[in-house]
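Below, each chain spelled out in residue letters.
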Amino acid sequence: GEEVETSKKWAAGQNKQHLVAKNTAKLDRETEELQHQRVSLEVGKVIQQGRQNKGLTQKDLATKINEKPQVIADYECGKAIPNNQVMGKIERAIGLKLRGKDIGEPLEAGPKKK
């Protein structure tokens, strides 16, 4: 038969659809100049106080907002990377503000949408 030309494709047959950009790898290493922003300890203390005032354990609060207990623990000790959806759920569950300038203030019910 005829001669068939074959060419080697880079990473062919391997599941390498998700390539990591250089900046993401740097952030993951968390060097001093590039760090993920963490929840402040002040916010963690407010979450803890609010949870205890309502008589909830970390597990109870996590169940109430449909998150894992580890998420609550991370937020309370300042290890978590802030996520606005999670912060909003925690705010509503404990009734205290966690974002903005008046952290720890009671959460006022905003105007209802009609």
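Going by the annotation in an unreviewed UniProt entry, the name recorded for the protein is Endothelial differentiation-related factor 1, with Anguilla japonica given as the source organism.

Asker: Report on helix H5 (residues 84-94), specifying residues and quantitative values.
Answerer: What H5 keeps buried is the set Val86, Met87, Gly88, Ile90, Glu91, Ala93 and Ile94. In this structure, the buried side of H5 is in contact with helix H2 (41-53), helix H3 (58-64) and helix H4 (69-76). Near the N-terminus of H5, the side chain that reaches the backbone nitrogen of Gln85, with its oxygen 2.9 Å away, is that of Asn83. Gly95 lies just past H5 and shows a positive phi near 75°.

Asker: Now, about the pattern of salt bridges: what can you tell me, with residues and values included?
Answerer: If you walk through the whole model with that rule in mind, you get four salt bridges. The shortest N-O distance in the salt bridge between Lys89 and Glu67 comes to 3.1 Å. Of this pair, Lys89 sits in helix H5 while Glu67 sits in the loop between H3 and H4, and the two are 22 residues apart along the sequence. On the basis of relative accessible area, Lys89 is assigned to the partly exposed category, the value being 26%.

Asker: I'd like a rundown of the confidence of the model for the protein, residues and numbers included.
Answerer: Of all residues in the protein, 70% have pLDDT values of 70 or greater, and the mean over the chain is 81. Looking at the elements of the protein, mean pLDDT is at its lowest for helix H1 (residues 22-29), recorded as 62, and at its highest for H3, recorded as 95.

Here is what the cut-offs are and how they apply
Residues numbered from 1 in each chain as written. Predicted model: local features only at pLDDT ≥ 70, side-chain atom pairs only at ≥ 80, totals over all residues. Heavy atoms only, no water. Buried < 20%, exposed > 50% of the residue type's maximum accessible area, 1.4 Å probe, protein only. Helix = DSSP H or I, 4+ residues; strand = E, 2+ residues; numbered from the N terminus. Contact = heavy atoms within 4.5 Å. Polar contact = N/O pair within 3.5 Å; in protein donor to acceptor, adjacent residues only side chain to side chain. Salt bridge = Lys/Arg side-chain N within 4 Å of Asp/Glu carboxyl O. pLDDT = per-residue confidence, 0-100.

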